[in-house]
Amino acid sequence: MIRFENISKRFGKLEVLKDINIAFNKGQSIAIVGPNGSGKTTLIKILLGMVIPNSGKLFFNEIWINKDHKYRGDIGYMPQISQYPPNLKISQLLEMMTDIRTNSGWSGTPDDDLLKAFDIANIQNKTMSSLSGGTRQKVGAALAFRFNPNVLILDEPTAGLDPASCEILKEKIQKERAKGKLIIITSHIMADLEELTDHVLYIQDAHIQFFEKTDNLRSKYKEDKLGKIIANLMKNKGEIKTPKLKTTENITL
Ligand SMILES: Nc1ncnc2c1ncn2[C@@H]1O[C@H](COP(=O)(O)OP(=O)(O)OP(=O)(O)O)[C@@H](O)[C@H]1O
């Protein structure tokens, strides 16, 4: 569904991503993890056409994305920090986004699940600049899911949300995941990734260190907690110290 082919990105002298080759497919729920500054958001922004790579190609449904950004209509994006016009009321923002989507060919019934669950109707006359960080996150989440996209990209989705709102959002992610959508999440909250994802893409030192099913990781490293596996990886700069074998396993006959 989405394929990166030899993608590299530098910011000045800083090489953030080098020769990235990876494919993401429908039905996968992928955690993108790596230390701070390892290029997770950059990878997502390249996917969204918000950052232009220095080299390499991006494919969406096997079509090379050159300059035509229509594919973005099929992606719902919840940014880490939402930037919206400050004087716009929530109701106006929703209307504006619906108009933009409709004008670019979207038709359908907007998905109001999150608007309802977060009770956004109650605050729809507030301007974006007057909202708390968490409430802005809720509006961002509601917008990401609103146009029934086949791909959901969620950058630190639960950071800043209160526990009840966190649960609402996680339930919604699971609901869309069950429909076979492609879900891509970056987060430092391992418990969330444990719950919401089935694949881990680990980035460090500008390279993909691995892309694995979470179940494979658990059995490979004989550890149930994804958080422990990832923490161990970060401490050891991308390499997991192989767990010591139990005595019985050391015996060769
Ligand atoms: N527009 C930019 N101009 C210059 N440097 C940038 C720009 N965007 C990102 N960087 C740098 O690229 C590196 C990767 O940043 P990125 O935001 O992709 O990391 P991240 O893995 O998402 O980090 P975090 O876990 O802290 O959110 C960082 O060193 C960052 O400072």
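Reading guide: rules and limits
Residues numbered from 1 in each chain as written. Predicted model: local features only at pLDDT ≥ 70, side-chain atom pairs only at ≥ 80, totals over all residues. Heavy atoms only, no water. Near = heavy atom within 4 Å. Polar contact = N/O pair within 3.5 Å; in protein donor to acceptor, adjacent residues only side chain to side chain. Helix = DSSP H or I, 4+ residues; strand = E, 2+ residues; numbered from the N terminus. Nonpolar A, V, L, I, M, F, W, Y, C, P; charged D, E, K, R; others polar. Core = buried A, V, L, I, M, F, W, Y, C linked by side-chain atoms within 4.5 Å. Buried < 20%, exposed > 50% of the residue type's maximum accessible area, 1.4 Å probe, protein only. Contact = heavy atoms within 4.5 Å.

Per an unreviewed UniProt entry, the chain carries the name ABC transporter ATP-binding protein and comes from Lacihabitans lacunae.

Another aspect to go through is the site of the ligand. Around the ligand, the surrounding shell holds 13 residues, and the nearest of these are G37, K40, T41, T42 and H188. For the ligand, an oxygen atom lies 3.1 Å from a polar atom in the backbone of S38. Of all elements in the fold, only β2 (14–24) and α1 (40–47) reach the threshold of two or more residues within the shell around the ligand. Looking at the shell around the ligand, its residues break down into four nonpolar, eight polar and one charged.

Counting 40 residues, the largest nonpolar core has V33, V139, F145, L169, I173, V200 and I230 as its most contacted members. The element best represented in this core is helix α4 (residues 133–146), accounting for six residues. Apart from the residues within four sequence positions on either side, V139 is in contact with I90, L93, I120, M128 and L131. Core analysis: the next-biggest nonpolar cluster, separate from the first, contains 29 residues, L47, L58, Y77 and I153 among them.

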